[in-house]
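Letter by letter, the chains look like this.
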Amino acid sequence: MSVLNQQDMQFYYGHVYPYKPIYQWLNRSFSDNGTRNMINREIAIEFKTGAYGRYFSFPTLKLFKEKMTNDIPNRFEIGAIYSSPPKKKDSVLKNSMKPLEKELVFDIDMDDYDGYRTCCSGAQICGKCWKFIEIAIKVMNITLVEDFGFEEFFWVFSGRRGAHCWVSDTRSCLMNDLQRRNVLDYLNVVKDRDIEKKIGMIHRPLHPFIERSLTILKQDFVDIILREQDPWRDDEQAIKTLLAGFYDKNLISHCKKYWLENPGRSSEVKWCDIDFIAARALTYGKKPEYIEKLKHCKEDLILKTLYPKFDIEVTKQMIHLLKAPFCIHPKTLNVCVPIMTHNKGQDLQGFSIQDFDPTECPKLNDLINAMSENGMDISTTNLRPYVELFNKFTQTYVKGQVSVKREHENPLDF
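Residues numbered from 1 in each chain as written. Predicted model: local features only at pLDDT ≥ 70, side-chain atom pairs only at ≥ 80, totals over all residues. Heavy atoms only, no water.

Helix and strand counts for the chain come out as 15 helices and ten strands. In terms of overall dimensions, the chain has a C-alpha envelope of 75 × 60 × 40 Å along the principal axes. Buried residues in the chain amount to 51% of all 414 residues. For the chain, the share of sequence-separated contacts (at least 6 apart) that also reach a separation of at least 24 residues comes to 71%. Summed over its atoms, the accessible surface of the chain is roughly 19,100 Å², and 51% of this surface lies on carbon and sulfur atoms. Within the chain, one finds 58 positive and 56 negative side-chain charges whose respective centroids are separated by 3 Å. (Helix = DSSP H or I, 4+ residues; strand = E, 2+ residues; numbered from the N terminus. Buried < 20%, exposed > 50% of the residue type's maximum accessible area, 1.4 Å probe, protein only. Contact = heavy atoms within 4.5 Å. Areas by Shrake-Rupley, 256 points an atom, 1.4 Å probe, with all protein chains shown as cover. Lys, Arg positive; Asp, Glu negative; His and termini not counted. Charge placed at Lys NZ, Arg CZ, Asp CG, Glu CD.)

Turning to unusual backbone geometry, a few remarks are in order. The amide bond that connects Arg204 to the next residue, Pro205, takes the cis arrangement and shows omega of -5 degrees. Along the polypeptide, Pro205 turns up in the loop between helix 7 (177-187) and helix 8 (208-229). A positive phi angle is found at Asp230, which is not glycine, with a value near 50 degrees. Counting through the fold element by element, Asp230 comes out in the loop between helix 8 and helix 9 (235-242). Even without being glycine, Phe326 reaches a positive phi, approximately 75 degrees.

Tallying each qualifying case throughout the model produces 33 aromatic pairs. With a centroid separation of 5.0 Å and 65 degrees between ring planes, the pair formed by Phe154 and Phe393 is classed as edge-to-face. Within this pair, whereas Phe154 is found in strand 6 (residues 153-157), its partner Phe393 is found in helix 15 (residues 384-409), the two being separated by 239 residues in sequence. Assessed through its relative accessible area of 0%, Phe393 is described here as buried. The lysine or arginine in question, Lys270, covers the ring of Trp259, its NZ or CZ lying 5.6 Å from the ring centre. (Phe/Tyr/Trp six-rings, centres within 6.5 Å; stacked < 30°, edge-to-face > 60°. Lys NZ or Arg CZ within 6 Å of the ring centre and 35° of its normal.)

Quick look at the packing of helix 9 against helix 10 (residues 249-261) now. What describes two packed helices is the angle between their axes and the distance between those same axes. Relative orientation of the contacting elements helix 9 and helix 10 amounts to 170 degrees, with a least axis distance of 10 Å. As the angle between them shows, helix 9 and helix 10 are arranged roughly antiparallel. Note that helix 9 runs across helix 10; the crossing there is right-handed. Here helix 9 contributes Asp235, Glu236, Ala238, Ile239 and Leu242 to the contact with helix 10, which in turn contributes Lys256, Trp259 and Leu260. Partitioned by chemical class, the residues of the contact of helix 9 with helix 10 number five nonpolar, no polar and three charged. (Axes fitted to C-alpha atoms, helices over the stretch in contact; angles between N-to-C directions. Parallel < 35°, antiparallel > 145°, perpendicular 65-115°, else oblique. Left-handed = near helix turned anticlockwise from the far one by under 90°. Nonpolar A, V, L, I, M, F, W, Y, C, P; charged D, E, K, R; others polar.)

The tally for this structure, following the rule as stated, stands at 29 salt bridges. Between Glu101 and Arg28 there is a salt bridge, with its nearest N and O atoms 2.6 Å apart. Here Glu101, found in strand 4 (residues 99-101), pairs with Arg28, found in the loop between helix 2 (19-27) and helix 3 (36-39); they are 73 residues apart in sequence, far enough to count as distant. In terms of burial, Glu101 and Arg28 fall into one category: buried. What you see here is one network of salt bridges that share partners, running through Arg28, Arg36, Arg41, Glu101 and Glu103. (Salt bridge = Lys/Arg side-chain N within 4 Å of Asp/Glu carboxyl O.)

As a further point, take helix 14 (residues 364-373). Where helix 14 is concerned, the buried positions are Leu364, Leu367, Ile368 and Met371. Down the axis of helix 14, the buried set is contained in an arc of 95 degrees. They therefore lie on one face. Structurally, helix 14 contributes buried residues whose contacts are with helix 1 (6-16). Note on helix 14: the residue one or two positions beyond its end, Gly375, has a positive phi of about 75 degrees. (Arc of directions from axis to C-beta.)

On to the state of the cysteines. Within this structure, the stated rule accounts for zero disulfides. Just so you know, Cys297 is unpaired, no disulfide at all, and the nearest cysteine sulfur is the one on Cys255, 12 Å from it. Judged by its relative accessible area of 4%, Cys297 falls in the buried class. (Disulfide = S-S within 2.5 Å.)

Summarising the element assignment, Arg117 is placed in the loop between strand 5 (104-109) and helix 5 (130-146). Among the polar contacts listed, one links the side chain of Arg117 to the side chain of Asp114, at a separation of 2.8 Å. (Polar contact = N/O pair within 3.5 Å; in protein donor to acceptor, adjacent residues only side chain to side chain.)

Most of strand 3 (residues 75-82) is tucked away, with seven of its eight residues classed as buried. Of the strand pairs in this sheet, strand 1 (residues 41-46) and strand 3 are connected by five bridges, and their pairing is antiparallel. In the strand pairing of strand 3, Arg41 is matched with Ile81. Looking at chain direction, strand 3 and strand 8 (residues 322-323) are connected through two bridges and run antiparallel. Along strand 8, the bridge assignment pairs Glu77 with Lys323. Strand direction decides the pairing type here: strand 3 and strand 4, joined by two bridges, are antiparallel. Residue pairing across strands places Ile81 opposite Glu101, the latter belonging to strand 4. (Pairing = 2+ DSSP bridges.)

Printed below as a string of structure tokens:
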């Protein structure tokens, strides 16, 4: 595990961190002076001592940068926009300090896929298991645009083994907690993460968005789950977690017996064994209604293994804090870089899902070494494309916010 070097952190927050586009995004303005969006926005800080401070707010870009360069935080987190400046929390009536706005956020972490990934364990990550996150992002991008009509969002590598999504549309920022939970209820198809527990059959016919998501997941299931990860080659694991997805006790019994008599069959072969045994060993295995139910069980297993799995606490409350983009992850020293953006009227920008490699992410110590060798020029480092990506998103997003504001201030007079 890497250790934070305070001199490197001081240099990073003093000379590298992209304060201006972060401030503009949160402020929804190109001005260095805060609008209500920043004056009343909570920023929480984990200090280098380990202490944690909440309810900071920054009325200017200058004060924002000064605070970070003076305190050198381990990380800082973004909170809601309140009805009053958060720093006045202790001097105003409790009821007058209410959260009014916050980006709709999602957190998808590799932890919830550990039952199906075999290439790595614990905090480790590689290109193979990162595909779980890639597929989750792919499904979410389509859902956010087609089902909710959101147009302004981006994804950030969490710095370790997950990804955060920030949806910045005005409509999403204004959602109250109930509305956020309703969005989450719609999206959170796989609620039970216990891989040994029999999953409840998903109601048929499938909702169109689940059907669409399943179509996407099916494209990768064989290659990623059955071939690359091969989680059910171990016979005991297959009996506990693969057969847990089926409801026919006779089928389960026959498969269990067959696998124990023919040990070490791959996940792909076992997946086919289930259909073969159902058709050959069970008298009712060829009946259309049985074949249909078996198909549904397999589809449910595909959803359980690959469908996005959310940290629900992050999404369901406006006051929940989430680590800011471009912070340094304290254990890996990775920079939490934006990897994909979406603006109104534009296709997804940035690194294609397949091209981003978390093991090649910019690291604090590598950045410092590179800049010390090139005359402190960030444009020659591997952080440059990520900063440019976020700059481009921010410029388009803020222009849209300013345009909408002007329309409201100057309505057409008929």
